[in-house]
Structures are given as structure tokens and as C-alpha cells.
Number of protein chains: 2
Amino acid sequence: MAAMWQCQGVNRLAAPAGGVRQGSLRELNLALVLGRIAAADRPPSRAALAAQTGLTRATVSAVVEDLVAGRLVTEAEPTPRAGAGRPARGLVLAGDGPAGLGLEINVDYLAACVVDLSGEVRHHTVHRADLRPVSPADALGRLARLAAHARADAAAQGLTLAGAALGVPGLVDDTGGVRLAPNLSWRDVPVPELLAAYPPLTETVEGVPALVVDNEANLAALSELHAGAGPGSFLHLSGEVGIGAGIVLDGALFRGVRGWSGEIGHIPVRPDGPPCRCGGRGCLERYAGQEAILATAGLAGADMPADTAAMRLAQLAEAGEPAARHALHEAGTAIGITVSSVINLLDLDTVVLGGGYAPLAPWIRPPVLAEIERRVLTAAWSPVTVRPATLGATAAAVGAAGSVVRRIIARPAGWLARL
Amino acid sequence: MAAMWQCQGVNRLAAPAGGVRQGSLRELNLALVLGRIAAADRPPSRAALAAQTGLTRATVSAVVEDLVAGRLVTEAEPTPRAGAGRPARGLVLAGDGPAGLGLEINVDYLAACVVDLSGEVRHHTVHRADLRPVSPADALGRLARLAAHARADAAAQGLTLAGAALGVPGLVDDTGGVRLAPNLSWRDVPVPELLAAYPPLTETVEGVPALVVDNEANLAALSELHAGAGPGSFLHLSGEVGIGAGIVLDGALFRGVRGWSGEIGHIPVRPDGPPCRCGGRGCLERYAGQEAILATAGLAGADMPADTAAMRLAQLAEAGEPAARHALHEAGTAIGITVSSVINLLDLDTVVLGGGYAPLAPWIRPPVLAEIERRVLTAAWSPVTVRPATLGATAAAVGAAGSVVRRIIARPAGWLARL
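Residues numbered from 1 in each chain as written. Chains lettered and ligands numbered in written order. Predicted model: local features only at pLDDT ≥ 70, side-chain atom pairs only at ≥ 80, totals over all residues. Heavy atoms only, no water.

Topic: the overall build of chain A
Selection rule: A run of DSSP states H or I qualifies as a helix once it reaches four residues; a run of E qualifies as a strand once it reaches two. Both are numbered from the N-terminal end. For the exposure calls, accessible area comes from a 1.4 Å probe over protein chains only, and a residue counts as buried if that area is under 20% of its type's maximum, exposed if over 50%, partly exposed in between. Here a residue-residue contact requires only that any non-hydrogen atoms of the pair lie within 4.5 Å. Calculation of accessible area relied on Shrake-Rupley with a 1.4 Å probe; when residues are assessed, cover is drawn exclusively from the protein chains displayed.
Secondary structure assignment for chain A yields 13 helices and 15 strands. Out of the 419 residues in chain A, the part that is buried amounts to 56%. Long-range pairs, those at least 24 residues apart, make up 64% of the contacts in chain A between residues at least 6 apart in sequence. Looking at chain A as shown, the accessible area adds up to about 16,200 Å², and 52% of this sits on carbon and sulfur atoms.

A few points about the relation of the copies chain A and chain B
Let me state the cut-off plainly: In this comparison the copies share one frame, found by least squares on the C-alpha atoms of residues holding pLDDT of at least 70 in both.
Taken as rigid bodies, chain A and chain B are interconverted by a rotation of 180° and an axial shift of 0.0 Å, the fit giving an RMSD of 0.0 Å. Within this description, the copies of the chain are treated as partners about a two-fold rotation axis. Measuring from the rotation axis to each C-alpha of chain A, the shortest distance belongs to R270 of chain A, at 2.9 Å.

Notes on helix α2 (residues 46-53) of chain A
It helps to recall that an α-helix has 3.6 residues per turn; residues three or four apart then point in one direction. Residue and element names in this part refer to chain A. Quick reminder of the rule: Taking the helix axis as origin, the arc is that swept by the directions to the C-beta atoms.
By the burial criterion, the buried members of α2 are L49, A50 and T53. One side of α2 holds all its buried residues, which, seen down the axis, span an arc of 100°. Phi turns positive one or two residues past the end of α2, at G54, with a value near 80°.

Comments concerning the pattern of salt bridges
Using the following cut-off: Salt bridge criterion: a side-chain nitrogen from Lys or Arg within 4 Å of a carboxyl oxygen from Asp or Glu.
Inspection of every chain in the model, using the stated rule, returns 30 salt bridges over all chains. Two residues, E75 of chain B and R46 of chain B, come together in a salt bridge whose shortest N-O distance is 2.8 Å. Residue E75 of chain B is located in strand β1 (residues 73-75), and its partner R46 of chain B is located in helix α2 (residues 46-53); the two are separated by 29 residues in the primary sequence. Taking relative accessible area as the criterion, E75 of chain B reaches 28% and is therefore assigned partly exposed. Taking relative accessible area as the criterion, R46 of chain B reaches 24% and is therefore assigned partly exposed. One salt bridge in this structure joins D214 of chain B and R255 of chain B, with 2.7 Å as the shortest N-O distance. Within this pair, whereas D214 of chain B is found in strand β10 (residues 211-215), its partner R255 of chain B is found in the loop between β13 (252-253) and α7 (285-288), the two being separated by 41 residues in sequence. Three or more residues are tied together by salt bridges with common partners; here these are D130, R132, R277 and E291 of chain A.

What about the state of the cysteines?
Linking two cysteines covalently via their sulfur atoms produces the bond known as a disulfide. Applicable threshold: Note on terminology: pairs of cysteine sulfur atoms within 2.5 Å are recorded as disulfides.
Scanning the model with the defined rule gives zero disulfides over all chains in all. Free cysteine: C278 of chain A, not disulfide-bonded; nearest cysteine sulfur from C283 of chain A at 3.7 Å.

Here we look at the packing of helix α6 (residues 216-226) of chain A against helix α12 (residues 395-410) of chain A
Residues and elements named next belong to chain A. This is how it is decided: Between the N-to-C directions of two axes lies an angle of 0 to 180 degrees, each axis being a line fitted to C-alpha atoms and, for a helix, fitted only over the stretch in contact. The labels follow the angle: roughly parallel below 35 degrees, roughly antiparallel above 145, roughly perpendicular from 65 to 115, and oblique for the rest. Crossing handedness: left-handed means the near helix sits turned counterclockwise from the far one by under a right angle, and right-handed means the same turn made clockwise. Throughout, the ten residues Ala, Val, Leu, Ile, Met, Phe, Trp, Tyr, Cys and Pro are labelled nonpolar, Asp, Glu, Lys and Arg are labelled charged, and all others, Gly among them, are labelled polar.
Axis separation between α6 and α12 bottoms out at 7 Å; the angle between their running directions is 70°. Considering their axes alone, α6 and α12 lie roughly perpendicular with respect to each other. Read as a crossing pair, α6 and α12 show a hand that is left-handed. Residues E216, L219, A220, L222, S223 and H226 of α6 lie in contact with α12, whose contacting residues are A395, A396, V398, G399, A400, S403 and R406. Its residues assigned to classes, the contact of α6 with α12 shows seven nonpolar, four polar and two charged.

Examining the sheet that holds strand β11 (residues 234-239) of chain A
What links the strands of a sheet is backbone hydrogen bonding, and the strands pair in either a parallel or an antiparallel sense. All names here are of chain A. The cut-off we apply is this: Strand pairing is assigned whenever DSSP identifies at least 2 bridges connecting the two strands.
Ordered by their spatial adjacency, five strands build an open sheet running β13-β12-β11-β14-β15, and the pairing between neighbours is mixed. In this open sheet, the two strands that pair with only one neighbour each are β13 (252-253) and β15 (385-388). Note that strand β12 (residues 243-249) and β13 share two bridges and pair antiparallel. Paired with L249 across the two strands is A252, which belongs to β13.

Quick notes on the packing of aromatic side chains
Rules: Side-chain rings of Phe, Tyr and Trp, where Trp is taken by its six-membered ring, are said to pair if the distance between their centres is within 6.5 Å; with planes under 30 degrees apart they count as stacked, over 60 as edge-to-face, and otherwise as tilted. Two thresholds decide whether a charge sits over a ring: the Lys NZ or Arg CZ must be within 6 Å of the ring centre and within 35 degrees of the ring normal.
On inspection of all chains with the given rule, the structure shows two aromatic pairs over all chains. Judged by centre distance (5.5 Å) and plane angle (85°), the rings of W260 of chain A and W381 of chain B are edge-to-face. Residue W260 of chain A is located in the loop between β13 and α7 (285-288), and its partner W381 of chain B is located in the loop between α11 (361-375) and β15 (385-388); the two belong to separate chains. On the basis of relative accessibility, which here comes to 9%, the residue W260 of chain A falls in the buried class. The ring of Y287 of chain A has R270 of chain A sitting right over it, with the charged end atom 5.4 Å from the ring centre.

Points about the sheet that holds strand β5 (residues 121-128) of chain A
Residue and element names in this part refer to chain A. On the basis of which strands lie adjacent, the open sheet formed by five strands has the order β5-β4-β3-β6-β10 and mixed pairing. Strands with a single pairing partner mark the edges of an open sheet, and in this sheet they are β5 and β10 (211-215). Each neighbouring strand pair of the sheet contributes to a mean axis angle of 15°, computed without reference to strand direction. The pairing of strand β3 (residues 98-105) with strand β6 (residues 160-168) spans seven bridges and is classified as parallel. Bridge assignment links G102 to a residue of β6, and that residue is A165. Along the sheet, α6 makes contact with β3, β6 and β10, crossing β10 at roughly 95°. Each of β3, β4 (109-116), β5, β6 and β10 touches α12; the most contacted strand, β3, lies at about 150° to it.

Details of unusual backbone geometry
For residues besides glycine, phi is generally negative; the peptide bonds are generally trans as well. Phi at S185 of chain A is positive, roughly 55°, even though this residue is not glycine. Along the chain, S185 of chain A falls in the loop between β8 (178-181) and β9 (186-189).

Points about the pairing of strand β3 (residues 98-105) of chain B
Residues and elements named next belong to chain B. The buried fraction of β3 is high, at eight of eight residues. Burial along β3 is two-sided: P98, G100, G102 and E104 facing one way and A99, L101, L103 and I105 facing the other are all buried. Bridge analysis of β3 against strand β4 (residues 109-116) gives seven bridges, and the strand direction is antiparallel. When the sheet's bridge partners are listed, L101 is paired in β4 with V114. Between the end of β3 and the start of β4, which pair antiparallel, lie three residues.

Overview of the layout of surface pockets
Worth spelling out the cut-off: Only protein atoms enter the 1 Å grid used here. Points where a 1.4 Å probe fits but cannot escape make up a cavity, open sets with protein on both sides within 12 Å along at least five of seven lines make up a pocket, and a residue lines them when an atom lies within 4 Å of a point. Grid points are joined across faces, edges and corners, and a volume is the space filled by probe spheres set on the points.
Space inside the largest pocket adds up to approximately 480 Å³. Of the residues forming the lining of the largest pocket, the biggest block, six residues, is contributed by α12 of chain A. Reported here for the second largest pocket is a volume of approximately 360 Å³. If you go around the second largest pocket, you meet 18 residues; those closest to its centre are V115, G119, H226, G402 and R406 of chain B. Elements that contribute at least two residues to the lining of the second largest pocket include exactly α6 (216-226) and α12 (395-410) of chain B. Take the lining of the second largest pocket: its biggest share by element is six residues, from α12 of chain B.

Some thoughts on the nonpolar core
Note on soluble globular proteins: their nonpolar side chains tend to be buried together. Operational definition: In these notes, a set of buried Ala, Val, Leu, Ile, Met, Phe, Trp, Tyr and Cys residues joined through side-chain atoms within 4.5 Å is what counts as a nonpolar core.
Among the nonpolar cores identified, the biggest contains 100 residues, and L237, I264 and L346 of chain A together with L237, I264 and L346 of chain B are the most heavily contacted of them. If we skip the residues at most four places from it in the chain, L237 of chain A touches G244, A245, I264, I335, V339, V351, V352, L353, G354, G355 and Y357 of chain A. Counting 35 residues, the second-largest nonpolar core is a separate cluster that includes L103, V178, V189 and V191 of chain B.

A closer look at the packing of α2 of chain B against helix α3 (residues 57-69) of chain B
Axes are the key here: two packed helices are described by the angle between their axes and the distance separating the axes. Residues and elements named next belong to chain B. Close contact between α2 and α3 brings their axes to 9 Å; oriented N to C, the two are set at 115°. Pair α2 / α3 crosses with right-handed handedness. Facing α2, whose interface residues are R46, A47, L49, A50 and T53, α3 presents R57, V60, S61 and V64. When grouped by side-chain class, the residues that make up the contact of α2 with α3 number five nonpolar, two polar and two charged.

Some details on the environment of G355 of chain B
Residue and element names in this part refer to chain B. By secondary structure assignment, the location of G355 is in strand β14 (residues 350-355). G355 sits in the buried class, given a relative accessible area of 4%. Each C-alpha atom, one on G355 and one on L391, is 7.9 Å from the other, the two residues being 36 residues apart in sequence.

Structural notes on the environment of W186 of chain B
All names here are of chain B. In this fold, W186 is placed in strand β9 (residues 186-189). The spacing of W186 and P136 is 50 residues in sequence and 7.3 Å in space, taken between C-alpha atoms. If we skip the residues at most four places from it in the chain, W186 touches I105, P136, A139, L140, V178, R179, L180, A181 and V191.

Notes on the side chain of S233 of chain A
Secondary-structure assignment places S233 of chain A in the loop between α6 and β11. Apart from the residues within four sequence positions on either side, S233 of chain A is in contact with V248, L249, D250, L348, D349 and T350 of chain A together with V257 of chain B.

Written as C-alpha cells, this is what we have:
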């Protein structure tokens, strides 16, 4: 690893004197050192960073000075060492510098959250409202107010929002517009255009887009992937009013040929079953979507937001209430049939029950496993793990915010250039 | 590209004098030049190869001399040029050097074929027999006799078999053994061990395994991929007694976490439908496998091999025979339902109807398209191409032989070392 750029002053950060080549070496070194600090299990010292990266200690010190000045890195409290000598001061990601704004629009709620560089959630608001009767412009206007509130709260905590990401329950095109969100009845909604009037979502940091729009199930799957415990390949299900999936293969989200993968909610469970909003029949959503579960549990029309509904169902199932238990068994069976198809096709070994399914996993998981056992060709000798998601209902918004933070860590020079 | 190895004599091929570093440079140059010749639209001259590879003309000449001496490359007939000067002699892959042996075991036939370096099929035998009542050892013994016959025919044509690949209708483990082939009732069959007694399948060329065992649907999909016309990502269906799929993503076969992807025949179409050999219910094979189609067409018990059955069905459908038309419409509908699930999940834009489905595509394709239109969320604005495979029923064996040939082209030094 070549490492030649040296810097001893903060005042040169905004405009490196050495031209493109030095500039890009500096950028590489900043990203290299910050990446090591982010990935470390315990706060590394400058000496440890030099050993790990192959940079000289002088270079590491200079790079760290820049990162500290830019509020990307801070020194951890020194921990006493076993051996002799004074304790080495370790470096950690800063909790008072840039942060990511994560937003989510779903069928029955809006969410905004702020995640700092260290991954901590510093702000989280969920606004419950049935958005089906609301126009896209109005829904996005409400979301922008939530975003402004999140931004003010972040500022009060000394944080600066470096970019935003928004999860939507539908298919997103290259421009960030929503081509189709069946459960919201959205078609061709130009999301970035409708949000352009709201400054918190249009200010930019070099290298960090002001606003990235993505499918909420994709963001939730990424969130699970970066929660650390996740394996390299898995299917992540997001159970909301609609059902989405994120397919992670070898540590990366698989987006499909045109970016529209993961529409598991519209895989037919019973092809001649009841009609679905998508135009098909017998889709998974008709058996395991929130409305279907509530209806089977005798709670139709209760009009609860997803997490309340999941909690209520969990309480009833816990208490042994037969209709709730039956509803969850039926949903789990439909999920199991669909997931068996996915495993037969893709040979995945892990299924994560996310969104509203996470707190319901104790009742959904057994019928899912039973269907896998019955239908997956390799199940007899190659077991499949089915487990609840780490984050559950907040995964999409937290995942969105986390995606912003990861962009800063991957390319810190953009953030430093704005100071 | 560094290119320093020089050679002017064939006698040094077997043991390069220059040690590891020179040996590996030589190997790189051989592979580089041979790869260009294989990929060229028209036979390239030595000068064109030098320009394309960045090697000196002297190096290219020396490398070509080795490739010609090793019967990997030959000079094409000179074609008259428009400009002045004598015509340049172009180089093509040789048709009289090494060749690949491709083998297939399916439920109702065995196949062996030989493909030369230029991709031409030089030998092809299909032995029809219901292999369900036959023991694995006996079936493999018959296959070995077919292989011996293919080898003798290849030798009579001046070809040398450099390796073999075998397609099986089941799940193959790391050792080349068949874990499970439901339609053959095979379980834990140690294929390489059972074939070890047959010399044509155990002789080795350095860098080319004597025998590679793979799922036949995977080999058929690879065959379609290398037929050239194929796009970067597609789902390839192999319709035989069983139904397999090969999933090609960005030009590479997707094998899944443990290598067992593509079991599309056991995706449930109607989860409460008739029981399947796999232990599940209502699997695709029960609606669109060869036996199901023949039964619906009123031809149950006719006991025809897959290609005969497909041809007979095509004749009847062509003649407007209602039962045959109905059977193909039902099969196409079941395939369409399943394929819609795959597209909703993976966002693929091309489906290839292979194996016995290829000649039946005129009747299967319309109901497949109708289901896609009805069930795929993105179908309205993002069309899916459904087309017959280029090779059809011979794809797996030809694909197996082609995989051997591609290994030689990727690493010609192994072949040259044995001369």
C-alpha cells in the first residue's frame, strides 16, 4: 500500500495543495484509517493503525488529526493496560459530528431517525397515520416536517446531518421516483421533485447525496446486514401492510436486473386465491400481510399501525387466544410455502423475519420451519435457520440513516471539504 | 501488460527452463493469445493479436508457434483483402486437437457428445432407456460404454479427449456425488467412485479435471449462455421428466450458498395439490413435467423419451388436437405462475424455455406471458422476454463438453504440458 501524503495542518483540508494525485492519496488515506477505526472491535491506537494499514506513524498521526478536527473521530477514554507504560489512547468514531437522516414512508406510518457516525440512534419519531387516502405530495410534506424536526433535534445535540435516505414501500426508479407502490396506490410519483422545496433534504455534502430513495425492504435488509450478527447470504422479510424482501448474497444486496427485486409479497401462494391489489390473485400479502392476519384473528377494522398490531397479536397469542394463534399459524404457513420456493430456487440457508414479523416470530417460525421441512429438497441434510430480525419495525428508517453514515465513512474527504 | 517470456522451440514446452516466474508468464501469454483467438469475430492475424494484447510481435509469433504445435490453433485459409499486399493469414481454434467429452444421465436417456475446441459437436449419441428401475452402478456402467464409444469415434477423427463433464438430474455435492435425484430415486450415489473403473473418465490433463459432475440444468444454462446470443442475466428452464433451472446473473451461473440452487421443479404451484416424489405437494413438476403433460394430453403410459414426447406433442398441437393443446396450455400456465414468482423475486428480464420445452415454445409461451402480465408487478412497464433455448434437448451434454473445452482455452499450458 503506497502512502505518501503528509499533512500537518487543518487549514489545508479544504483545498489540498498537491493537486489531484496528492488529493486522491490523501482521500485514500483518510478512508483507510477511518475504515479501520470503524471496523475495530476495540479502539485502536495510532501505532496499531500504522501497523494495520502500512502507513507511517507520522502519516497516521496527520490523518487522525484531520479526522479529529473534522469531528469524525475522537479519542476514547484511556483504558488501563496490563503491561508497563502509560495506557495507549484509542480512537473511536465521533458521536458529535456528521449524522445520517433516515426516513420511511409506509402505508400506515411515517418515520424519521438520526443515526450518528458510531451507529447510535440519536433521534427517532414515528408518526402514525393511514396514508392511503392522502396524496403523495401531502404525505411527503408531512414527512418533510418530520425531517425538519429531526434536523432541529440533531442540531441541538451538536450533530450535523450529512445526507438523507428514504425508504418507500414500492418500486423505485433511477431518478428516485416511485414507479409503483400498490398498497399506497402510488404510480409514477416524482419523490425528489416533490421534496425539493424542503431544504433539510436538498443540502449536499460532497460525495454524500442529499437524498437517496430506496425500497424499504432493501433498506431493512441492509440494516440487518450491518447489524453485524447477520451471515453473508440471507433472505430478509419485511412484514408490514405489504410484504417486501431483501435478498443479501455474499454480503451485498441483490437488486435484480433493473433494481426491482424482492417483491415477495406478490408471489402467488394459491394462484386461484383472492384478488390482490397488484392485479394478481392469491399473493402472499393476501395470506400473511397485516390486514389478512388481523382479519383471521378477528381484529379486522381495528385499524392499528403495524407495530401496535404486531404487539397486540403477540399479547393475544401469548395468552393462548385461539383466533390469534390460528391467524399466525396460517400466516406462517403461507410464508413457509413462499420461502420454500425461494430456498429451492436460490439455495439460501437463512431467513430473517423482519418488520412486524419480528415480535411474532415465536408463533410464525414453527409453521415456516414445517413447510421448509416438507418442501425444500435439501432440507433433510442442509438445515435452514429462521430467526427474528435484530431491529424489527425500525429497521428501514435506521437502515436508511445508516446508509448515509456508511457513505461518510467510505469517503470522509467529502465531509471534511465542507468544513 | 508485462510480456517477457520468449520461446522458439517446441521441445521446451513440457518443462520450461526459466522456473516458476517465467513458466507462469508463459502460461499467461498462452492463455491471453488463445483467448483472443477464441473470442475473435474473424480470424485475427499475428499483428492484430500483438496490437490487441500489447505483446511484442516476436512474443506473439512464439506463442502462436506453441499453440499451433500443440494443435490448439491453426491457420485459416487466407481471405483476399481489399487493399494492397498479400493477404494476412488469420488464426482460428483447431478442430483436430483436444476435445471435451460431455455426458448426461437423465431419467429416460443417457447421452454422450464430443465438442472440439472450435465448439463444433463432432459426436453425439443418445441412448434411450428408462433408468428408474436401473441401479446407479448399472446406469453409470452403461454411460461409461457410451463414453468409450465416443472416445473411439473422437480418436478416429484425430481428436484427443482432454476431460469430461457429466450432467445429472439432481443435487451434486463437493465430491461429485449425487446427494439426491428424486426422479431417479438416487440418494448419496458416489458417482466418481462408481466411474473410477472406466479409464476414459479418469485420465487427466493438468488443469483439466478428468471428470466434473454438475447438475444438468446448470450445464444447459451455461450452454445457452455460451451459445452467444444469450443476455447477461436470465432464467433457463430445462423441461424433462423433472424440471430444473439455471439462474444466470451478469454472465455467471448463480449456484446458491451450497451449490444447490435452481430446483424450480419443486416450487409449489398449488401448495395443496397432488403429492410429489420430493415429499412436497403441488410442485411445478406435477403440472408441467413430462409425465403430467402427457397424462393431460391423453398420452399417459406412452413411455416416450423426452425429445420424442416433445416432438409428438408438437405434432398434435400443430394439427390442432384439443387435448394436446389443452395440456400445453395447462403446463404453460403452471410455468407462468412459477416464473412470475421468480421474476417478482429476482427482477430478471429473460426466461429461456429449454430442454423438451424448446420445441413446444409456440404453445407454452403464450400462457407463460399471460401469467407474467397478470402477476409480475413490473410487467406493465418492463417487458419480459420469453424465448426457446438455442440448443434444446442436447444442451446439457453439449454444455458439459463445452465446459471442458472452455477450461482448456482458459489454461492451455496444462494441455501443452502433456504433449
